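Analysis of the macromolecular model
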Amino acid sequence: MKKLKFLMHLWVLGFATMVWAQDNITGVVTDEFGQPLPGSTVQVKGTGTGTTTDFDGNYTIGAGANDVLLFSYLGYSTQEVAVDGRNVINVSLKEDATQLDDVVVVGYGTQKRSDVTGSISSVKSENFNKGVVANPGQLLQGKIAGVNVTSVSGEPGSSQNIVIRGIGSFRSGTSPLFVIDGFVIDNTSTGTASNPLNFINPQDIASMDVLKDASAAAIYGARAANGVIVITTKKGASGKTEMNASVSTAFSTLANEIDVFSADEFRRQVPAVGGTLLDGGANTDWQDELTKTGITKNVNFSMSGGNANATYFASVGVDDQQGIFENSSLKRYSGRLNMNQKALDGRLNVAFNLTASRTLNNRPDAGAIVTDMLELNPTLPVYTNGEPTVVLDDNRLNPIIRSQLYEDETNSNRILANISPSFEIVEGLTYKLNLGVDYSSTNRDQQMAPYALLEDLNQGYLNTWITTNQNTIVDNTLTYTFEKGDHSATLLAGHSYQEVFVQQKRFELESFADNDIDPRYQDQISSQEYPTNLFSLGEKNELQSFFGRLNYGYKDKYLLTATMRADGSSKFGANNKYGYFPSVALGWNISKESFLSESTVVNNLKLRASWGQTGNQEGIDNKVSLASYVDSKADNDTYPLDDGAVTLDGYPFGTVPARTANPNLKWEVATQTNIGVDFGLFNNRLTGTVDYFNKVTTDVVMFANRVDPIQPTEKIWTNLDNLEIHNNGLEVALDYRSVFSEDFSMNVGGNISFIKNEVTDSPFAIITTGAAQGAGQTGATINGYLNGEAVGTFYMKEFLGIGDDGLNQYRDTNGDGEILDDDRIAAGSALPDMLYAFYIKFDYKNLDLGLNFNGVSGNKIYNHTAMSSFSRGQLSRNLNTTDFAVQYPNEDNSNSNEVSTRYLEDGSFLRLNNATLGYNLKGERIGLDDYVNTIRFTLTGQNLFLITDYSGYNPEVNTGAQIDGVQTFGIDRYTYPSSRTLLFGVNVSF
């Protein structure tokens, strides 16, 4: 019996010891400056037990007295700490440059930051722009030196111009190449009128790496001349299980009103200019009446986790963004699944990425709405007897009614999926297959319902686009990595095949019954008076590529990167099917030399130099090097073979050339040199990068007029042999981090870029990029490409004022006594020559405040809206204007609004892009620590203030128009105005 009691005591003691051994260990993980490191991983060594720190660096984990804890965080050295019976363990991690280097994503792989020889800038999710964000471009605005992001308009999900290190092409193909989790996105249209990248949920993105110079981008060859943006979505982490739920609501209003005349001012001004006032007796602010508060709602949920052999990340999201106009919205339903599985002792690794989305985009007739906001007589009532006033002055339909009749809706379903198995054949040699598909199906209906009360609208119309886009890719790569003594090298060899097949049908229908049923749901009978028109296209583009890269390092000090890519494209002529794009770069880690290795001031100093060539095939139609023919009955294209025929319709179609073959058509080539310095000073509190670059684009492709008049077609796709586009500049990026106390720290930094753009040796007097529109204005050149000037240079007469005759006066630049087209001058460019941005972030205990500013300088904007609407003649006809129209008291009402510097304005601005105030509430403070790690509350303002001399709605604008495929810059014509947004958000981490 005593023996039994003794054994029971031993068992109880052992059980108590086990319970004690598994007590919870708590603590805080910070950096060497005492700043908490949220998201740090804490693991029990040799087990699958692990957790992560909350926003304040706190953690709780169960561990035994003899266990060892592993503390790790990206960019910091992993630290092992023995428990030794303690219940509280606080750890301070130190930065480790080697670990920090692992985060850089390059083409077909990753690379240590210290080994990077090219110009690559990275932005992590925590540093993205905050607020209402529809696509990746908005996340980057102002974040990276040399990258200019400009919205086409303020419409939800609007397209953007993203320009990296200046414009290097005439055509619309100036956008960078996007690569999402290793899948190369093609810039071919998916049928959406807004941004094609709206299908990506920004909250799923972990980081974006911008490859700016040729050394970094040449591995993508023929499509990398405009730079490359590599998007990496979020992945799960071993031993780290996490769930996040976020909800936000935002309110958007018109950011800036144009100061048109009020009703009382209008009543005075119309008679003052000799007009007969039409007074409707009201006091209407049409800008207020035609805009609204747009409410945006966003809900996202994600979960991630895994173990040593398998990880996952899954998310779902709903984003409903309402614009400030009626019938203006973007709704996105998205889902993502990223998985990674290892087998065969880690030699086999399979990565799978899937995103699926449905995007619904409603677009108003923004140009007509803005016109009405600015021009409508403010004395006219919006409503009569409680109903919208039907017809306003000048037989103009009330815009309230038009918004009920007009609709432009796009429904797009898109799936992007790729699977990437890799297998380590022998130590250091890995084969990887990347197989993916990007499929989208888009339906767009643009309609105007019939309206019997106005003759011009009594029929109604419907335009329908049905588009499918299938992009498939197969990549095969072999990577060999070895280290021997002071030498290290990585060799990459690969083959890629990509096919893009686009189909589109467009139907144009007219004449519908006025029965309160949308035209798209009605039958329409084609008739001779109102025929149904059908337009169809089918295009297949193929690209086959062979590429290789060598990364070599000696003692981690002296670095060499060499790449070569050969691309064969179906877009180019038989004599130039393949283009070859080499690059070479050198790097010197000076801080690892003996004379700096012990420095307490210089922690990192690296010199980089690179040269390389990249190509551009974007903006070029499919198979334009081949001859093409069409059937036609126009002009003399038919022949009267039938004696009984009495009209042209009785003759057969003739076949005429539509495009002449050019077997010599080839790529545009951008040759770029880059010299850069990366540095970290004062224990890496001050870090920065300085780069000088020079990029020259040759073999520029254009759909150009022929010189020979007897050729079968007027124009031909060709390379302009001598013309060059030069871009050179300086980029500087700085970041400073200071810790004042355990509770308070500050981060401040910014970037600035100086870019000079110039066109040389053009065979044309001017290549028009922007032309006027509207009655009496259509076709007049506004800006274009001129020798010795920047892209988008405004070319027009210089306005001097109003003469004694009440008409425009212009400078006679050539002194011949006449004012003609040859008196036009180069009056500045639409492209800024300086881009800048700066930010400041404060952290105090659980509070944080971040401010992000961005701006440009040196560019001009042509205010086409002012030219078309703000004239004395318009005012005399009872159309509203600003005081611009009465600037000259002696101006004649018949004076023309001709293209000139009168409407050219300074486009410089400084904007508070976004400001975010956040508060982190730990679950333990509200008794929910068993269920909730952290609750984060945020208040974000976007576009809170703007400093500019521009008189329009927004200086950061471009209408996005094209002339013969040549892109337009810097013209503002009735553009959807920008909004000011206030967002409230809550994120709960489990």
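Residues numbered from 1 in each chain as written. Predicted model: local features only at pLDDT ≥ 70, side-chain atom pairs only at ≥ 80, totals over all residues. Heavy atoms only, no water.

**Quick look at the overall build of the chain**
Tallying secondary structure elements over the chain gives 10 helices and 56 strands in all. In terms of its C-alpha atoms, the chain occupies a principal-axis envelope of roughly 120 × 70 × 60 Å. A burial count over the chain gives 51% of its 990 residues as buried. In the chain, the share of contacts with a sequence separation of at least 24, taken over all contacts with a separation of at least 6, comes to 70%. Summed over all atoms, the accessible surface of the chain reaches about 43,200 Å², with 54% contributed by carbon and sulfur. (Helix = DSSP H or I, 4+ residues; strand = E, 2+ residues; numbered from the N terminus. Buried < 20%, exposed > 50% of the residue type's maximum accessible area, 1.4 Å probe, protein only. Contact = heavy atoms within 4.5 Å. Areas by Shrake-Rupley, 256 points an atom, 1.4 Å probe, with all protein chains shown as cover.)

**Quick word on a nonpolar patch on the surface**
Together, Phe251, Ile295, Tyr844, Leu847, Leu849, Leu917, Leu939, Leu982 and Phe984 give the surface a local cluster of nonpolar side chains, amounting to about 730 Å² of exposed area. Only strand E47 (847-857) and strand E56 (979-989) provide two or more residues apiece to the nonpolar patch. Within the secondary structure, Leu982 is located in strand E56. (Patch = residues over 30% accessible without salt bridge, like charges linked within 9 Å, V, L, I, M, F, W, Y side chains within 5 Å. Salt bridge = Lys/Arg side-chain N within 4 Å of Asp/Glu carboxyl O.)

**Quick notes on the pattern of salt bridges**
Tallying each qualifying case throughout the model produces 33 salt bridges. For Asp408, the salt bridge is made with Arg444, and the minimal N-O distance between the two is 2.7 Å. Here Asp408 is found in strand E24 (residues 406-426), whereas its partner Arg444 is found in strand E25 (residues 429-448), with 36 residues between them in sequence. Residue Asp408 is classed as buried on the basis of its relative accessible area, which comes to 2%. A single network of salt bridges, built from pairs that share partners, joins Glu407, Glu409, Asp445, Asp518 and Arg520.

**As for the sheet that holds strand E42 (residues 793-796)**
Pairing is antiparallel in the open sheet, where four strands are placed in the order E40-E41-E42-E45. Each edge of the open sheet carries a strand with a single partner, namely strand E40 (767-771) and strand E45 (825-829). Going from strand to strand, the sheet's axes swing by 40° on average, the running direction of each strand aside. Looking at chain direction, E42 and E45 are connected through three bridges and run antiparallel. Bridge pairing in E45 links Thr793 to Ser829. (Pairing = 2+ DSSP bridges. Axes fitted to C-alpha atoms, helices over the stretch in contact; angles between N-to-C directions.)

**Digging into the packing of aromatic side chains**
Scanning the model with the defined rule gives 17 aromatic pairs in all. Pairing Phe325 with Tyr976 gives two aromatic rings, centres 4.4 Å apart and planes at 35°, and the pair type is tilted. Placement of the pair is Phe325 in the loop between strand E19 (310-322) and strand E20 (329-343) and Tyr976 in the loop between strand E55 (971-972) and E56, with a sequence separation of 651 residues. Grouping residues by exposure puts Phe325 and Tyr976 together as buried. A ring pair is formed by Tyr554 and Tyr558, whose centres lie 6.1 Å apart and whose planes are at 20°; its orientation type is stacked. Given the relative accessible area of 27%, Tyr554 is considered partly exposed. Assessed through its relative accessible area of 35%, Tyr558 is described here as partly exposed. (Phe/Tyr/Trp six-rings, centres within 6.5 Å; stacked < 30°, edge-to-face > 60°.)

**Some details on the confidence of the model for the chain**
Of the residues in the chain, 92% reach a pLDDT of 70 or more, and the chain-wide mean stands at 87. When the criterion is pLDDT under 50, residues 1-21 qualifies, and its contacts beyond four places in sequence or with other chains add up to five contacts. (pLDDT = per-residue confidence, 0-100.)

**Observations concerning the side chain of Thr793**
Within the secondary structure layout, Thr793 lies in strand E42. Side-chain polar atoms of Thr793 contact the backbone oxygen of Ala790, separated by 2.5 Å. Non-local contacts of Thr793, meaning those with residues more than four positions away in its chain, are made with Ile782, Asn783, Gly784, Leu786, Ala826, Ala827, Gly828 and Ser829. (Polar contact = N/O pair within 3.5 Å; in protein donor to acceptor, adjacent residues only side chain to side chain.)

**Considerations on a negative patch on the surface**
Where like charges cluster on the molecular surface, the negative patch consists of Glu257, Asp259, Asp285, Asp288, Glu289 and Asp883. Among the structural elements, Asp259 can be located in the loop between strand E17 (242-254) and helix H5 (263-272). Here Asp259 falls in the exposed class, since its relative accessible area comes to 63%. (Lys, Arg positive; Asp, Glu negative; His and termini not counted. Charge placed at Lys NZ, Arg CZ, Asp CG, Glu CD.)

**Re H5**
For H5, the set of buried residues is Ala263, Phe266 and Val270. Take H5 and look down its axis: the buried residues cluster within an arc of 45°, on one side only. Within H5, the exposed residues directed more than 90 degrees away from the buried face are Arg268 and Ala272. Elements that come into contact with the buried residues of H5 comprise helix H10 (872-876). Within two residues after H5, Gly274 carries a phi angle of roughly 90°, on the positive side. (Arc of directions from axis to C-beta.)

**Quick notes on the environment of Thr687**
One can find Thr687 in strand E35 (residues 686-698). The spacing of Thr687 and Val886 is 199 residues in sequence and 53 Å in space, taken between C-alpha atoms. Leave out the neighbours within four places in its chain, and Thr687 touches Phe679, Gly680, Ala733, Leu734 and Asp735.

**What about the environment of Thr477?**
With respect to the helices and strands, the residue Thr477 is situated in strand E26 (residues 461-484). Distance in space between the C-alpha atoms of Thr477 and Leu492 is 6.9 Å, their sequence separation being 15 residues. Setting aside residues up to four positions removed in sequence, Thr477 forms contacts with Tyr108, Thr430, Tyr431, Lys432, Leu492, Ala493, Gly494 and Phe547.

**Things to note about the pairing of strand E50 (residues 909-922)**
Counting buried positions along E50 gives 12 out of 14 residues, so the element sits mostly inside the fold. The sheet contact formed by E47 and E50 spans 10 bridges and is antiparallel. Each bridged residue has a counterpart across the sheet, and for Gly855 the counterpart in E50 is Leu910. The sheet contact formed by E50 and strand E52 (residues 946-948) spans three bridges and is antiparallel. Paired with Leu910 across the two strands is Ile947, which belongs to E52. In the sheet, E50 pairs with strand E51 (residues 934-942) via nine bridges, with the strands oriented antiparallel. From the neighbouring strand, Asn914 faces E51, where its bridge partner is Gln942.

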